[in-house]
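What follows is each chain in one-letter form.
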Amino acid sequence: MLTLENLSFGVQDEKSQKEIIRNLNLTIESNKFVVVTGPNGGGKSTLAKLIAGIEKPTGGRILLDGADITEKNITERAQSGISYAFQQPVRFKGIEVFDLLRLASGKELNITDACQYLSEVGLCAKDYIKREVNDSLSGGELKRIEIATVLARGTKLSIFDEPEAGIDLWSFQNLIAVFERMRQNIKNGSILIISHQERILDIADEIVVIANGQISMQGPKDDILPHLLGTASAVDACTKFYNKEEA
Ligand SMILES: Nc1ncnc2c1ncn2[C@@H]1O[C@H](COP(=O)(O)OP(=O)(O)OP(=O)(O)O)[C@@H](O)[C@H]1O
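Okay, so let's go over this structure. Note that the coordinates shown come from a computational prediction; the quantities given were computed from them, not determined experimentally.

How each quantity is defined
- Residues numbered from 1 in each chain as written.
- Predicted model: local features only at pLDDT ≥ 70, side-chain atom pairs only at ≥ 80, totals over all residues.
- Heavy atoms only, no water.
- Phe/Tyr/Trp six-rings, centres within 6.5 Å; stacked < 30°, edge-to-face > 60°.
- Helix = DSSP H or I, 4+ residues; strand = E, 2+ residues; numbered from the N terminus.
- Buried < 20%, exposed > 50% of the residue type's maximum accessible area, 1.4 Å probe, protein only.
- Core = buried A, V, L, I, M, F, W, Y, C linked by side-chain atoms within 4.5 Å.
- Contact = heavy atoms within 4.5 Å.
- Pairing = 2+ DSSP bridges.
- Axes fitted to C-alpha atoms, helices over the stretch in contact; angles between N-to-C directions.
- Near = heavy atom within 4 Å.
- Polar contact = N/O pair within 3.5 Å; in protein donor to acceptor, adjacent residues only side chain to side chain.
- Areas by Shrake-Rupley, 256 points an atom, 1.4 Å probe, with all protein chains shown as cover.
- Nonpolar A, V, L, I, M, F, W, Y, C, P; charged D, E, K, R; others polar.
- Salt bridge = Lys/Arg side-chain N within 4 Å of Asp/Glu carboxyl O.

### A closer look at the packing of aromatic side chains
Under the definition given, this model contains two aromatic pairs. Between the aromatic rings of Phe33 and Phe179, the centroid separation amounts to 6.4 Å while the plane-to-plane angle is 75°, which identifies the pairing as edge-to-face. On the criterion of sequence distance, the pair formed by Phe33 in strand β3 (residues 33–37) and Phe179 in helix α7 (residues 169–184) is long-range, its members being 146 residues apart. Across the pair, exposure class does not vary: Phe33 and Phe179 are buried alike. With centroids separated by 5.2 Å and ring planes inclined at 75°, the aromatic side chains of Phe160 and Phe179 adopt a geometry described as edge-to-face. One end of the pair, Phe160, is in strand β9 (residues 157–161); the other, Phe179, is in helix α7, with 19 residues separating them in the sequence. Considered together, Phe160 and Phe179 belong to a single accessibility category, that of buried residues. Taken together, the aromatic side chains of Phe33, Phe160 and Phe179 make up a single cluster linked through ring pairs.

This is the structure:
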């Protein structure tokens, strides 16, 4: 279980202090599939980075299964059981896809198992398993490889930041199937996905809407999704909801 207590994150620009996450309280229960959504710039990616240890909070605490991990760095948090898939994944020159999957899994992964992870994210395993994780991979390919590494890690908390970004329509169908399978097989871990996509929101146990650095709505999918739909996209709906709240 992940608990965020009065979590804050602010940055200082030339003129003033900008609060990006404001005294946010959130609990993510074990074995839950939680989707975080909300308007652009609302603070979703920042929140994910605070949980993964990429950014350091300016206030509040982060607890994983009751243990305070606020002061732990990114490596220590990974060791505690948090995986993070970036919105824009990092390339690793000189490392093959197979090496990356083996490192991620933390065990002696054989080629068949590694290929299985690639197939799950819609990549033809034989074409990719020996590819170097360098600039020759497209953004969408890299994104899918990164999702495969998170699958290989199988940690207590897996965080995916906009996994759909840069993925073509055909692969998107596969991706939805991947997340549906994760939802069905969820045990001893939670999944937190940042997404604007209705099909991903629809898989959620719980939806959290973040706007202006705070939670503006939170609850079971069946309660929250109807509020977000009925417009061209969920993010438009979120923006409208937020504007209404502000009025
Ligand atoms: N290190 C930083 N310094 C200054 N501003 C920052 C920093 N990190 C984030 N921000 C700002 O904080 C706000 C929230 O950013 P964040 O990336 O968390 O939003 P988001 O909800 O994930 O947006 P999107 O849906 O567009 O991905 C944005 O206005 C962003 O420009």
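### A short note on the nonpolar core
Among the nonpolar cores identified, the biggest contains 48 residues, and Phe33, Leu101, Leu118, Phe160 and Phe179 are the most heavily contacted of them. With seven residues, the top contributor of residues to this core is helix α6 (residues 139–153). Not counting residues within four places of it along the chain, the set of residues in contact with Phe179 comprises Phe33, Phe160, Pro163, Ile193, Ile200 and Ile203. Membership of the second largest hydrophobic core comes to 27 residues, among which are Ile20, Leu64, Ile194 and Val208.

### A closer look at the sheet that holds β3
One open sheet accounts for six strands, arranged β6-β9-β10-β3-β11-β12; its pairing is mixed. Strands at the two margins of the open sheet, each flanked by one partner only, are β6 (82–85) and β12 (214–220). Direction aside, the axes of adjacent strands within the sheet are offset by 15° on average. Contacts between α6 and the sheet are confined to β6 and β9, with β6 contributing the most and set at about 170° to the helix.

### A short note on the site of the ligand
What surrounds the ligand is a group of 14 residues, the closest being Gly41, Gly43, Lys44, Ser45 and Thr46. Between an oxygen atom of the ligand and a side-chain N or O atom of Lys44, the distance comes to 2.7 Å. Burial of the ligand by the protein amounts to 64% of the accessible area it has alone, namely 650 Å². Elements with a contribution of two residues or more to the shell around the ligand: β2 (17–28) and α1 (44–52). Looking at the shell around the ligand element by element, the count peaks at three residues for α1. Classifying every residue of the shell around the ligand gives three nonpolar, eight polar and three charged.

### As for the environment of Glu120
Structurally, the position occupied by Glu120 is in helix α4 (residues 111–120). Apart from the residues within four sequence positions on either side, Glu120 is in contact with Leu151, Asn174, Val178 and Arg181.

### A word on the pattern of salt bridges
Any two side chains of opposite charge can pair if their charged atoms end up close together. Under the defined criterion, the tally for this structure stands at 11 salt bridges. Between Glu5 and Arg61 there is a salt bridge, and its shortest N-O distance comes to 3.1 Å. Taken together, the residues span a long stretch of sequence, with Glu5 in strand β1 (residues 2–12) and Arg61 in strand β4 (residues 59–64) at a distance of 56 residues. Note on Glu5: relative accessible area 27%, which makes it partly exposed. Between Lys56 and Glu71 there is a salt bridge, with the nearest N and O atoms lying 2.9 Å from each other. Within this pair, whereas Lys56 is found in the loop between α1 and β4, its partner Glu71 is found in the loop between β5 (67–68) and α2 (74–80), the two being separated by 15 residues in sequence.

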